[in-house]
Amino acid sequence: MRESSLRMVWHGVVVAVLVLAPLRSAAAQERPGSWYLMTGVAVVHQDGLTGESSQIYVAAPGGTSRGWWVAGGTFASSRVSVEGELAATGTMLAREPSRYGYTYNEERRDLFLGANVRLHFGSVHRVHIEPVGGIGLVFHQAWSQDDFYQYWLMPQQQVIHSPRVQDATQISMSLSGGLDVRVGGPHVAVVPSFRVRWYGSSDALQSRWPGGHPTWTISGGAAVRIDF
């Protein structure tokens, strides 16, 4: 009986070592002061107009676009890192026929600049689960070009194409959260990534887009990460 109990204890120790070994190895790599860089692409979605849609008031374009992001961070502990992040949506387009013979051709994109806290839960078979949350700024960039009929109530209508102009950049505060799954070795890894970002409305945004504008951004993609 005693020999059987010792054998069971020995088996338990072996199993514990095999299970905890990857986590110990990961913690050794993720030492305070070490740092990493990431860059990737994403499919980004915001609610809003796409294609051609008649509007009384100009509304913000939306839809699904191809975006990108870069980030760099350092480990404050083996379980927590802090990082800076820059991300962008692709350009979203909408054509909006409106009143008095005007048609507004609208373009916009958002740039996100933020600071994140990333949690590291260790790894199993080189798979790391990393929740991410942060706060930052959104730089709303927009361009517009108008088409309108000269003498639009007259039979001799003539279409006038105004030049494409860039609007003044609007800035909002933002909150973000998401989950990354890091897959790979201690120095190079592939990181599938999911993010949700929110920014509030403001008088400036309501003035620019009286027909409405999005406040949520959802994205999913993948990045390459290098740890130093």
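### Comments concerning the overall build of the chain
Here is step 1 of the chain: A count of helices and strands for the chain gives two helices and 13 strands.
Here is step 2 of the chain: In the chain, the share of contacts with a sequence separation of at least 24, taken over all contacts with a separation of at least 6, comes to 67%.
Here is step 3 of the chain: A total accessible area of about 12,700 Å² is found for the chain, and carbon and sulfur atoms account for 65% of it.

### What to know about a nonpolar patch on the surface
Here is step 1 of the chain: A cluster of nonpolar side chains, contributed by V82, V117, L119, F121, V127, I129, L179 and V183, occupies part of the molecular surface with about 600 Å² of accessible area.
Here is step 2 of the chain: Those elements giving two or more residues to the nonpolar patch turn out to be β6 (102-119), β8 (127-150) and β11 (170-184).
Here is step 3 of the chain: Tracing the backbone through its elements, the reader meets V127 in strand β8.

### A few points about the confidence of the model for the chain
Here is step 1 of the chain: Per-residue confidence for the chain gives a mean pLDDT of 86; residues scoring 70 or more make up 84%.
Here is step 2 of the chain: In this model residues 1-28 is a low-confidence stretch, pLDDT under 50, and it forms 10 contacts with partners more than four residues away in sequence or in other chains.

### Re the pattern of salt bridges
Here is step 1 of the chain: Summed over all chains, the structure comprises 15 salt bridges.
Here is step 2 of the chain: We note a salt bridge from R95 to E52, for which the minimum N-O separation is 3.8 Å. Here R95 is found in strand β5 (residues 92-97), whereas its partner E52 is found in strand β2 (residues 51-52), with 43 residues between them in sequence.
Here is step 3 of the chain: R95 gets classed as partly exposed once you look at its relative accessible area, which sits at 32%.
Here is step 4 of the chain: By relative accessible area, which is 56% here, E52 ends up exposed.
Here is step 5 of the chain: Salt bridges sharing partners connect three or more residues here, namely E83, E85, R118, E130, D180, R182, R195, R197, R225 and D227.

### Thoughts on the nonpolar core
Here is step 1 of the chain: Counting residues in each nonpolar core, the largest one holds 14 residues, and the members touching the most others are M38 and W69.
Here is step 2 of the chain: Of all the secondary-structure elements, those providing two or more residues to this core are β1 (35-46), β3 (63-75) and β12 (188-199).
Here is step 3 of the chain: Leave out the neighbours within four places in its chain, and M38 touches W69, V70, A71, R118, D180, V191, V224 and R225.

Reading the values: the criteria
Residues numbered from 1 in each chain as written. Predicted model: local features only at pLDDT ≥ 70, side-chain atom pairs only at ≥ 80, totals over all residues. Heavy atoms only, no water. Helix = DSSP H or I, 4+ residues; strand = E, 2+ residues; numbered from the N terminus. Contact = heavy atoms within 4.5 Å. Areas by Shrake-Rupley, 256 points an atom, 1.4 Å probe, with all protein chains shown as cover. Patch = residues over 30% accessible without salt bridge, like charges linked within 9 Å, V, L, I, M, F, W, Y side chains within 5 Å. Salt bridge = Lys/Arg side-chain N within 4 Å of Asp/Glu carboxyl O. pLDDT = per-residue confidence, 0-100. Buried < 20%, exposed > 50% of the residue type's maximum accessible area, 1.4 Å probe, protein only. Core = buried A, V, L, I, M, F, W, Y, C linked by side-chain atoms within 4.5 Å.

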